[in-house]
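Close look at the chain arrangement
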Amino acid sequence: MGELVKDLTPPCGPEPCPDRGRQLPPTDDGPPVQSPVGAGHGVPLPSCSGIASRENRDYTVDHRLEAARGSKEGTMLIVMKPHANEEDVRRVCQRIETLGYRAHPMPGAQRTAIGITGNQDPLEPEQFESLPGVAEAIPVSKPYKLVSREVKDEDSLIRVGSAEAGVTIGGRELAIIAGPCAVESREQVFAAAERVRRAGARLFRGGAFKPRTSPYSFQGLGGEGLKILAEARREFGLLIVTETIDPENCDLVEEYADVLQIGARNMQNFSLLKRVGRSKKPVLLKRGLSATLEEFLMAAEYVLSEGNYNVILCERGVRTFADHTRNTLDLSVIPAVKRLSHLPIIVDPSHGTGKRDKVIPLARAAVAVGADGLIVEVHPEPEAALSDGYQSLDPAQFEALMEQVSAIAGVIGRTVDRGAGAGSRMKEPATSVSTGD
Ligand code: PEP
Ligand code: MN
């Protein structure tokens, strides 16, 4: 969408142009887009004439060259020699910080790379290349830096939960997150948790704070919901994935969650992205309803740039003209992300299709195309769900999904991480499962 606006907006010359600085109309899901003609990128531009003129084509080329040049000069990656020691790395970080910038050391299997953020001006490679242990200082050509494979070649493995009982996302094993759209009651959560754990899920989803299109729709149980999720974690040994919807409620959600979910509508809530960037908990970042791949990766960059490198991307469908599904699940983004970024990416076939009968087929496809896992809505009684019932699987359908995606995973040399305890409860319930509300 951003690219389309950029390419179709008539450029403006030195003469004042009515479009300069104009706010384009807001999209359904996001803030108004600043017209690129008013962005003040400092390139001498031809005058406001027809879109198809020769000057306009030059403008596009000039603009892109300038943008590429700017990002190349402005950003740098320090690549350490394979035998560089901790002291060498520390010295480089110190040099970066003395210059007033932020250093992001990223250890890899072969060598450590150190990203630099916070610089506005071009950096001189020589000031780093002269330090012991440095192999080279190279400009980063992408607008995003820390999420890029240029900075870190190997896939990132994101650890969720404790070292002994946790799950790794991004490796050979697929991570399956399952549970209801929203936490509705203790009874509902326990019924869902028991069934999804028995079927082999190791992570449980459920929103305590719900971002709803209508202010009159169920908004979630809030803090009460978080406590129910914590009980389900204790009872079933599941790890909890739950959404934080604004920086103010993040402190509370962080106390309970094992993974902080950022919803599609918040993908460009920059203050929230910065807040979770300062968290110690991994972040599940869902793609915005109309986000380009670059916008998606730039959103992740916000989180990493604050120091939290534990980001899991999630494709959850984008809005198109198609009306046979709620959204169009863009599975082609999976290999595209894999090429550009070291971050893991999972798929949400529930929001991605919005229709129960399409969830299993798209879940199979997601695994086949290389997703690192799935997040699936499962409700013990989908017809009675307070939100997203029409796209929620019932527990038996989820069991079928697990069988089928495990088979697909085997074909491509992966496995589904069901954990040792699949099929059993952590402990017998002290009391019978009754409504806690
Ligand atoms: C959800 O996971 O229930 C949700 C609201 O997802 P999204 O942000 O992708 O719409
Ligand atoms: Mn939902």
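Anything mentioned here points back to the structure above.
Notes on the structure follow.

Cut-off values and rules
- Think of each chain on its own: its residues are numbered from 1, step by step along the sequence as written.
- All chains are assigned letters beginning with A, and all ligands numbers beginning with 1, in the order in which they are written.
- Only residues with pLDDT of at least 70 are given local features in this predicted model, and only at 80 or more are side-chain atom pairs given and counted; all residues enter the totals for whole chains, interfaces and linings.
- Side-chain numbers here rest on the full set of heavy atoms in the structure, without hydrogens or water.
- What counts as a helix is a DSSP run of H or I of at least four residues, what counts as a strand is a run of E of at least two, and both are numbered from the N terminus.
- For every residue, the accessible area obtained with a 1.4 Å probe (protein chains only) is divided by the maximum for its type, and the residue is called buried under 20%, exposed over 50%, and partly exposed between those limits.
- We get accessible surface area from the Shrake-Rupley algorithm with a probe of 1.4 Å; when it comes to residues, only the shown protein chains can shield them.
- Throughout, the term near means that a residue has one or more heavy atoms lying within 4 Å of the molecule or strand in question.
- Whenever a nitrogen or oxygen atom comes within 3.5 Å of another N or O atom, the pair is scored as a polar contact, on the condition that within protein one atom can donate a hydrogen and the other can accept it, and that pairs from neighbouring residues in sequence are kept only if both atoms are in side chains.
- Throughout this description, the term salt bridge denotes a Lys or Arg side-chain nitrogen within 4 Å of a carboxyl oxygen of Asp or Glu.
- Here the nonpolar core consists of buried residues drawn from Ala, Val, Leu, Ile, Met, Phe, Trp, Tyr and Cys, with membership extended through side-chain atoms lying within 4.5 Å.
- Residue contacts are defined here by distance: any two heavy atoms, one from each residue, within 4.5 Å place the two residues in contact.
- Pairing between strands is defined by DSSP: at least two bridges between them are needed.
- Geometry is summarised by axes, namely lines fitted to C-alpha atoms with helices restricted to the contacting stretch, and by angles between N-to-C directions that run from 0 to 180 degrees.
- Helix span, expected: 1.5 Å multiplied by one less than the number of residues in the helix.

So, about the overall build of the protein chain. In terms of helices and strands, the protein chain carries 13 helices and 17 strands. Out of the 437 residues belonging to the protein chain, those deemed buried represent 50%. For the protein chain, the exposed area adds up to about 19,300 Å²; of that, 53% sits on carbon and sulfur atoms.

Another point: the site of ligand 1. Taken together, Cys181, Arg205, Lys210, Gln261, Gly263, Ala264, Arg265, Lys286, Arg316, His351 and Glu377 are the residues near ligand 1. One of the side-chain nitrogen or oxygen atoms of Lys210 is found 2.9 Å away from an oxygen atom of ligand 1. Between Arg265 and ligand 1, the recorded distance is 2.9 Å, taken from a side-chain N or O atom to an oxygen atom. When isolated, ligand 1 has an accessible area of 300 Å², and the protein chains bury 97% of it.

Moving on, we come to the pattern of salt bridges. For the structure shown, the criterion picks out 22 salt bridges. The shortest N-O distance in the salt bridge between Lys338 and Asp372 comes to 2.4 Å. Remark: Asp372 occurs in the loop between helix 12 (356-369) and strand 16 (373-377) and Lys338 occurs in helix 10 (residues 333-340); sequence separation between them is 34 residues.

To continue, consider the nonpolar core. In this structure, Phe204, Leu285, Val311, Leu313, Leu374, Phe398 and Leu401 are the most contacted members of the largest nonpolar core, which totals 78 residues. A total of 7 residues in this core trace back to one element, the largest contributor, which is helix 9 (residues 293-305). With near-sequence residues (within four places) excluded, Val311 lies in contact with Ile158, Val283, Leu285, Ala300, Val303, Leu304, Leu343 and Pro344. One finds Ile78, Val89, Val92 and Cys93 within the second-largest nonpolar core, a separate group that totals 16 residues.

A sheet is described by the order of its strands in space; here 4 strands give the open sequence 4-5-3-6, paired in antiparallel fashion. Single-partner strands in this sheet number two, and they are strand 4 (102-107) and strand 6 (134-139). Here the average twist between neighbouring strands, direction ignored, is 20°. As judged from the 5 bridges shared by strand 3 (residues 76-80) and strand 6, these two strands associate in the antiparallel manner. Its bridge partner lying in strand 6, Met76 is registered against Pro139.

What follows covers helix 12. When the terminal C-alpha atoms of helix 12 are compared, their 21 Å separation across 14 residues agrees well with the 20 Å that a helix rising 1.5 Å per residue should span. All buried positions along helix 12 are accounted for by Val359, Ile360, Ala363, Ala366 and Val367. On its buried side, helix 12 packs onto strand 9 (173-179), strand 15 (345-347), helix 11 (349-353), strand 16 and helix 13 (395-411). Trailing helix 12 by a residue or two, Gly370 shows a phi angle of about 115°, which is positive.

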